[in-house]
Amino acid sequence: MDENLREIVLGLVAAAITATAGWLARTSLWRRKLRRKQRFFGLPENSSCLLVVNRDPGISEWSVAPNDVFALLELSALIKDCGARVDVVAHDATRQGFGERTEFCLGGPVSNRRMAAHLGALLPGFSVLTDGEIPPVFAVGGERYRAEKGAVEHVLLARLTGGQDRAEARPVFLICGQRSVTNQAAARYLVRHHARLARQHGRKGDFCLLLKVNNSEAYGPDVVELVADVTRAATTAPA
């Protein structure tokens, strides 16, 4: 009887040690993933960031399009996962530079003045052509990208540090779409693929991607593909 009891006790102890080791390994893996996510987004624990929202151009009063609200919700959940705080501000109420806090700026340059400023300062090779075109046309690297409403639409997704010399400079994330549904698509793409983007774009992590949203009339923001990495063309001023 004593021998059987000893075997039972030893079995329980071994099971407890195995369970504890497994829990510690999972916790360590989760913490490493969290630190990588925080580093990529510039959102260490208890830091703060900005969500800069645009105005729905189809409404005279200040209002945010429903798809842009959904995009903000996706980004807010990501920020919460990083343990950071967020300040949501209107595009025309932001009076500060970039690099001090991580910023997510949403919307085209027509409905978002701060986006227009960022594009001019950080992406001189990227243009949004609005004359007589609804949705607007994107131009970068000698190519023009037109939208077919509800069928093929484009959105620019960028992570930039603005050439800051300081190693601790926080990034600016730009989501500039031809329609609000493409803004939501880019926000979802960023949330889902941030780990792969961090691996692909190295330690500094800056990139500028042109994404295509297919058949949003049927699939909403879910069917997204990469058109091109336009980082070099977008960050280089035209001759």
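Small disclaimer: the values here were computed from a predicted structure and weren't measured.

Explain a positive patch on the surface to me, using residue names and the numbers behind them.
A cluster of basic residues, R31, R32, K33, R35, R36, R39 and R199, forms a positive patch at the surface. Here K33 is to be found in helix α1 (residues 2-41).

Describe the pairing of strand β3 (residues 102-106), naming the residues involved and giving the relevant values.
In terms of residue burial, β3 counts as a mostly covered element, since five of its five residues are buried. Here β3 shows two buried faces, one formed by T102, F104 and L106 and the other by E103 and C105. Across four bridges, strand β1 (residues 48-53) lies against β3 in parallel orientation. Directly across from C49, in β3, lies its bridge partner T102. Bridge analysis of β3 against strand β8 (residues 172-177) gives four bridges, and the strand direction is parallel. For C105, the partnering residue across the bridge sits in β8 and is L174.

Break down the environment of R36 for me, with residues and values.
Counting through the fold element by element, R36 comes out in helix α1. Residue R36 is classed as partly exposed on the basis of its relative accessible area, which comes to 43%. Put simply, R36 and A198 are 162 residues apart on the chain and 8.4 Å apart in space, counted from C-alpha to C-alpha.

Now, about the side chain of K37: what can you tell me, with residues and values included?
The topology assignment puts K37 in helix α1. Setting aside anything within four residues of it in sequence, one finds K37 in contact with D81, C82 and H194.

An account of the environment of F70 is requested, with residue identities and associated values reported.
With respect to the helices, strands and loops of the structure, F70 is situated in helix α2 (residues 66-81). Here F70 falls in the partly exposed class, since its relative accessible area comes to 42%. Along the primary structure F70 and N183 are separated by 113 residues, whereas in three dimensions their C-alpha atoms are 9.2 Å apart.

Tell me about the sheet that holds β3, and name the residues and values.
Read from one edge of the open sheet, seven strands run β2-β1-β3-β8-β7-β9-β10, paired in mixed fashion. Every interior strand has two partners, whereas the edge strands, β2 (85-90) and β10 (224-229), have only one. Across the sheet, the mean angle from the axis of one strand to that of its neighbour is 20°, orientation sign disregarded. Most of the contacts of α2 go to β1, to which it runs at about 175°, and overall it touches β1, β2, β3 and β8. The strands that helix α3 (residues 113-122) touches are β1, β3, β7 (152-160) and β8; relative to β8, the one it contacts most, it runs at about 110°.

Explain the pattern of salt bridges to me, using residue names and the numbers behind them.
Tallying each qualifying case throughout the model produces seven salt bridges. With a shortest N-O distance of 2.3 Å, R188 and D222 are connected by a salt bridge. Of this pair, R188 sits in helix α4 (residues 180-200) while D222 sits in the loop between α5 (216-219) and β10; the two residues are 34 residues apart in sequence, bridging distant segments of the chain. Residue R188 is classed as buried on the basis of its relative accessible area, which comes to 17%. The class for D222 is partly exposed, based on a relative accessible area of 43%. It is possible to trace a salt-bridge network through shared partners that takes in E74, R188 and D222.

Break down the packing of aromatic side chains for me, citing the residues and quoting the values.
The tally for this structure, following the rule as stated, stands at seven aromatic pairs. With a centroid separation of 5.0 Å and 10° between ring planes, the pair formed by F104 and F173 is classed as stacked. Here F104, found in strand β3, pairs with F173, found in strand β8; they are 69 residues apart in sequence, far enough to count as distant. Residue class for F173 comes out buried when judged on its relative accessible area of 1%. Grouping aromatic residues by their ring pairs yields a cluster made of F40, F41, F104, F173 and F207. The cationic tip of R159 hangs over the ring face of F40; the distance from NZ or CZ to the ring centre is 5.1 Å.

Reading the values: rules and limits
Residues numbered from 1 in each chain as written. Predicted model: local features only at pLDDT ≥ 70, side-chain atom pairs only at ≥ 80, totals over all residues. Heavy atoms only, no water. Patch = residues over 30% accessible without salt bridge, like charges linked within 9 Å, V, L, I, M, F, W, Y side chains within 5 Å. Areas by Shrake-Rupley, 256 points an atom, 1.4 Å probe, with all protein chains shown as cover. Salt bridge = Lys/Arg side-chain N within 4 Å of Asp/Glu carboxyl O. Lys, Arg positive; Asp, Glu negative; His and termini not counted. Charge placed at Lys NZ, Arg CZ, Asp CG, Glu CD. Helix = DSSP H or I, 4+ residues; strand = E, 2+ residues; numbered from the N terminus. Buried < 20%, exposed > 50% of the residue type's maximum accessible area, 1.4 Å probe, protein only. Pairing = 2+ DSSP bridges. Contact = heavy atoms within 4.5 Å. Axes fitted to C-alpha atoms, helices over the stretch in contact; angles between N-to-C directions. Phe/Tyr/Trp six-rings, centres within 6.5 Å; stacked < 30°, edge-to-face > 60°. Lys NZ or Arg CZ within 6 Å of the ring centre and 35° of its normal.

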